[in-house]
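# Fold and geometry: a report
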Amino acid sequence: TLTTHATSHLDAPYHFGPTSEGKPAKTIDQIPLAWCYSDGVVLDFHHKKKGEGISAREVEESLKKIGYTLKPMDIVLIRTDTYKHYGEEGYEFMHPGMTAEATRWILGHGIKVVGIDAWGWDIPHDVLVEEMKAGNKEKFWEAHYLGMEMEYCHMERLANLDRIPRPFGFKVAAFPIKIERASGGWVRAVAIIED
């Protein structure tokens with residue numbers, strides 16, 4: 001047995017809550033395959049430290065740095081290099097994460113699928129708990145819960161984003177295993193780079 005949220009996987013809107021954009025949230029078997037194959041772009045945040053949130057401004061700056069403008073249905077990949085620590089104790093707490101603000105900004109460009117090479121899309125759970133204890137309850141899984149407001153899927157626990165030789169100009173195939181009524185599914189995400 002294996003949870004659908006172990007290894008590289010795609011979270012469906014149903015993972016974020018029972019509704020998305022006021023309608024019943026899609027489960028993994030209801031995700032349109034068209035969402036899962038498109039032009040890819042890698043944004044490099046491997047300089048960010050554990051627990052740091054990635055802001056909308058930083059996403060904009062990263063896009064300017066590589067000279068790319070997002071278009072609808074691009075698949076946006078966030079490089080942190082945390083995957084290199086897979087198997088080490090505390091791996092699930094080592095990554096920076098996306099803020100709701102940054103996620104909203106990306107999704108506002110017509111994006112449906114995003115991904116990260118870390119344990120989770122948001123900042124690590126231990127940091128979220130500390131934020132909550134400090135009274136910042138709105139930060140708890142903020143980017144996940146955004147999925148109830150804006151319909152999207154995110155991939156977690158990707159690997160080798162640092163090995164993609166250019167930040168854009170490649171395709172991403174990220175078709176999830178179709179599991180009936182599940183909130184996520186394992187995915188073998190592949191960057192397709194043509195000479």
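Our subject in this report is the structure included herewith. (Residues numbered from 1 in each chain as written. Predicted model: local features only at pLDDT ≥ 70, side-chain atom pairs only at ≥ 80, totals over all residues. Heavy atoms only, no water.)

## So, helix α2 (residues 100–107)
Those residues of α2 that fall on the buried side of the exposure criterion are Ala 100, Ala 102, Thr 103, Ile 106 and Leu 107. In a view along the axis of α2, the buried residues occupy a sector of 165 degrees, so they form one face of it. Tucked inside the fold, the buried residues of α2 contact β5 (53–54), α1 (56–66), β6 (75–79), β7 (97–98), β8 (113–116) and α4 (142–145). (Buried < 20%, exposed > 50% of the residue type's maximum accessible area, 1.4 Å probe, protein only. Helix = DSSP H or I, 4+ residues; strand = E, 2+ residues; numbered from the N terminus. Arc of directions from axis to C-beta. Contact = heavy atoms within 4.5 Å.)

## Notes on the nonpolar core
Residues Leu 43, Val 59, Val 76, Ile 78, Met 98, Ile 106 and Trp 121 are the most contacted members of the largest nonpolar core, which totals 24 residues. Of all elements in the fold, only β4 (37–44), α1, β6, α2 and β8 reach the threshold of two or more residues within this core. It is α2 that contributes the most residues to this core, three residues altogether. For Ile 78, the contacting residues outside a window of four places in its chain are Leu 43, Phe 45, Ile 54, Met 98, Gly 115, Ile 116, Asp 117, Trp 121 and Leu 161. Within the second largest apolar cluster, 20 residues are counted, among which are Leu 10, Leu 158, Ile 164 and Ala 182. (Core = buried A, V, L, I, M, F, W, Y, C linked by side-chain atoms within 4.5 Å.)

## Side note on the state of the cysteines
Within the structure shown, the criterion is met by zero disulfides. No disulfide involves Cys 36; its sulfur sits 6.5 Å from that of Cys 153, the nearest cysteine. For Cys 36, a relative accessible area of 1% translates into the label buried. (Disulfide = S-S within 2.5 Å.)

## A word on the side chain of Ser 62
Structurally, Ser 62 can be placed in helix α1. Ser 62 sits in the buried class, given a relative accessible area of 10%. In this structure Ser 62 touches Leu 43, Asp 44 and Phe 45, once residues within four positions along its chain are discounted.

## Regarding the environment of Arg 57
On the secondary structure map, Arg 57 appears in helix α1. Side-chain polar atoms of Arg 57 contact the side chain of Glu 61, separated by 2.8 Å. (Polar contact = N/O pair within 3.5 Å; in protein donor to acceptor, adjacent residues only side chain to side chain.)

## Some words on the pairing of strand β10 (residues 168–173)
When β4 meets β10, the two strands line up antiparallel, connected through five bridges. Paired with Asp 39 across the two strands is Lys 171, which belongs to β10. Across three bridges, the pairing between β10 and strand β12 (residues 190–192) is antiparallel. Its bridge partner being in β12, Val 172 is matched across the sheet by Ala 191. (Pairing = 2+ DSSP bridges.)

## What about the pattern of salt bridges?
Using the criterion set out here, one finds 16 salt bridges in the structure. Residue Asp 44 is joined to Arg 79 by a salt bridge in which the shortest nitrogen-to-oxygen separation is 3.2 Å. Of this pair, Asp 44 sits in strand β4 while Arg 79 is found in strand β6, placing the two residues 35 residues apart along the sequence. Judged by its relative accessible area of 16%, Arg 79 falls in the buried class. Taking the shortest distance from any N to any O, the salt bridge between Lys 84 and Asp 81 comes out at 3.7 Å. With relative accessibility at 9%, the residue Asp 81 sits in the buried group. By sharing partners, the salt bridges in this structure join Asp 44, Arg 79, Asp 81, Lys 84 and Asp 162 into a single network. (Salt bridge = Lys/Arg side-chain N within 4 Å of Asp/Glu carboxyl O.)

## Notes on the packing of aromatic side chains
As enumerated under the stated definition, the model contains four aromatic pairs in all. Each ring, one from Tyr 68 and one from Phe 168, has its centre 4.8 Å from the other, and the planes form 35 degrees; the classification is tilted. Placement of the pair is Tyr 68 in the loop between α1 and β6 and Phe 168 in strand β10, with a sequence separation of 100 residues. Between Phe 140 and Trp 141, the ring centres sit 5.6 Å apart and the planes meet at 70 degrees, which makes this aromatic pair edge-to-face. When its relative accessible area of 17% is taken as the criterion, Phe 140 is described as buried. By relative accessible area, which is 18% here, Trp 141 ends up buried. (Phe/Tyr/Trp six-rings, centres within 6.5 Å; stacked < 30°, edge-to-face > 60°.)

Any link to function would need more than the numbers given here.
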